[in-house]
Each structure stands twice: as structure tokens, then as C-alpha cells.
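Structural features, examined
As a plain string of letters, each chain reads:
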Amino acid sequence: MLRPEVCRTYHFATHGTSDNQYSAFLKTIQLTGHQFSGEIPPSLYKSVSLQTIDFHSNALQGSLSDAIGDLSQLIYFSAANNKLGGTLPASVSKLRQLTTLGLARNSFAGTIAPISDLPNLQILFLRYNLFEGAIPAVTNSTAVFDMDHNQFDSIDPKLCAGEGILALQKSGGCDQDF
């Protein structure tokens, strides 16, 4: 079993090197359900070859860095069921390969506008946060869209017209008055 202090020591496989020579080869970080705490280390965002990051069900705090947009190879990102907050960085829109984004059960706030620019997004879990404003249209590739228990006040009409999503999971769906 990987202990939290081991991850902190190795800085997610960079082993403390100043040039992050090992991070260029790191493709997957799978640390689900280990009760890791603290903030996501800045060195993680320098691992530009990452394709999968799964921090689901830990006790991570803080916010997502704007540097997340530098992870251009990222396909899967889940930090659901943690204690993260802040806003969704605008740089998320640069994650053109992203197919899955799971941020459910945190304390994120603000709008989710950056997700409308993700052409390969298939699965989006944002339930149980504090997101607000309009729910934007997403691409036709998005099949699962779970937004329950947020503070949205409107929904892009394209979603209800079937132009941007295959399945909309929201209490009341398109018929709800915001």
C-alpha cells in the first residue's frame, strides 16, 4: 500500500529532481480512496505526459491550479469526493483530449463555462458542488452529464433541443424553471 508520505517524498514520481526528468514518462496516477490530504502538489502539473489522474475519494483540499491546462494529454481526471473548492480554472478548456471529468462532491463554485470547449468530453460528473450561472451546451460526444445539487439558474436551450447531449441528468431536466 502506498503511504501518503511516500507520495509527498517522491512528488508523484519526480523523486525530487529539479528538472522533473521522470515526470515526462508518467502516464497514470491512480490514488483512489487512500485518504490523502493536503493540496494537489504543483509538481503534478509539470507531468505533461499524464493521461489519467484519479484522486477519487480522498481528503484533498485547496483548488485546481490554472496549470491543469498544461496537461494536454489528459484523458481522464477525477477528484470527486474530496474537499476541493474554488472555481473551475478557465484553462480546463485547453484539455482537448479529456473524455471524463469527475468533480462531484466537492465545494467548487462559479460557472462551468470552460467545459463547453471540450470536444471529446463523454462523461461529466459535477453533482453536489456550488456551481452557479448557466449550464452551457456541450458537444455531441457527451453521453453522461450529471449536474444535480448545484445552484444553476438557467440552461442553454441547445441542451434541451438535443443538439449538445445524449442524456441530461438534472432534477426536472429541461422543464425546470430556474
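Residues numbered from 1 in each chain as written. Predicted model: local features only at pLDDT ≥ 70, side-chain atom pairs only at ≥ 80, totals over all residues. Heavy atoms only, no water.

With a phi angle near 60 degrees, Ser 57 is a residue other than glycine that sits in the positive phi range. The backbone of Tyr 128 shows a phi angle near 55 degrees, a positive value even though the residue is not glycine. Inspection of the secondary structure assignment puts Tyr 128 in the loop between β9 (123–125) and β10 (130–135). (Helix = DSSP H or I, 4+ residues; strand = E, 2+ residues; numbered from the N terminus.)

What follows is about the confidence of the model for the protein chain. Per-residue confidence for the protein chain averages 83 on the pLDDT scale, and 77% of its residues sit at or above 70. Counted against residues more than four places away or in other chains, residues 1–19, with its pLDDT under 50, gives 29 contacts. (pLDDT = per-residue confidence, 0-100. Contact = heavy atoms within 4.5 Å.)

Moving on: the sheet that holds strand β5 (residues 76–78). Backbone-to-backbone hydrogen bonds pair the strands of a sheet. The strands run either parallel or antiparallel. As summarised here, the arrangement of the six strands in space is β1-β3-β5-β7-β9-β11, forming an open sheet in which the pairing is parallel. Each edge of the open sheet is held by one strand with a lone partner, namely β1 (28–30) and β11 (144–146). For this sheet, the mean angle separating the axes of adjacent strands, direction not counted, is 10 degrees. Alignment of strand β3 (residues 52–54) against β5, held across three bridges, turns out to be parallel. Residue Asp 54 lies in a different strand from β5, and its bridge partner there is Ser 78. (Pairing = 2+ DSSP bridges. Axes fitted to C-alpha atoms, helices over the stretch in contact; angles between N-to-C directions.)

This brings us to the pattern of salt bridges. Applying the stated criterion to the full structure yields three salt bridges. With a shortest N-O distance of 3.7 Å, Lys 94 and Asp 70 are connected by a salt bridge. Note that Lys 94 is positioned in the loop between β6 (83–87) and β7 (100–102) and Asp 70 in the loop between β4 (59–63) and β5, a separation of 24 residues in sequence. Classification of Lys 94 by relative accessible area gives partly exposed; the value is 44%. The exposure class of Asp 70 is partly exposed, given its relative accessible area of 41%. Several salt bridges converge on common partners, so that one network encompasses Arg 127, Asp 146 and Asp 148. (Salt bridge = Lys/Arg side-chain N within 4 Å of Asp/Glu carboxyl O. Buried < 20%, exposed > 50% of the residue type's maximum accessible area, 1.4 Å probe, protein only.)

Attention shifts here to the side chain of Thr 99. Along the chain, Thr 99 falls in the loop between β6 and β7. Take Thr 99: its relative accessible area is 18%, and that puts it in the buried class.

Here the focus is the environment of Gln 51. Tracing the backbone through its elements, the reader meets Gln 51 in the loop between β2 (37–38) and β3. Residue Gln 51 is classed as partly exposed on the basis of its relative accessible area of 29%. For the pair Gln 51 and Leu 71, spaced 20 residues apart in the sequence, the C-alpha separation amounts to 8.1 Å. Apart from residues no more than four positions distant in its own chain, Gln 51 is found in contact with Lys 27, Gln 73, Leu 74, Ile 75 and Tyr 76.

Our next topic: the pairing of β6. Both β4 and β6 contribute to a ladder of three bridges, which runs parallel. Among the inter-strand pairings, Ser 63 is bridged to a residue of β6, identified as Gly 85. Where β6 lies against strand β8 (residues 107–110), three bridges are found, and the strand directions are parallel. Bridge pairing in β8 places Gly 86 opposite Phe 108.

This paragraph deals with the sheet that holds β10. With parallel pairing, six strands are arranged side by side in an open sheet as β2-β4-β6-β8-β10-β12. The outermost strands of the open sheet, each flanked by one partner alone, are β2 and β12 (151–155).

Core analysis: the largest hydrophobic core is formed by 39 residues, its most contacted members being Phe 55, Phe 77, Leu 103 and Ile 115. If you list the elements that add at least two residues to this core, you get β10 and β12. When neighbours within four sequence positions are excluded, Leu 103 is seen to be in contact with Leu 64, Phe 77, Ala 79, Ala 80, Leu 88, Phe 108, Phe 125, Leu 126 and Asn 129. (Core = buried A, V, L, I, M, F, W, Y, C linked by side-chain atoms within 4.5 Å.)

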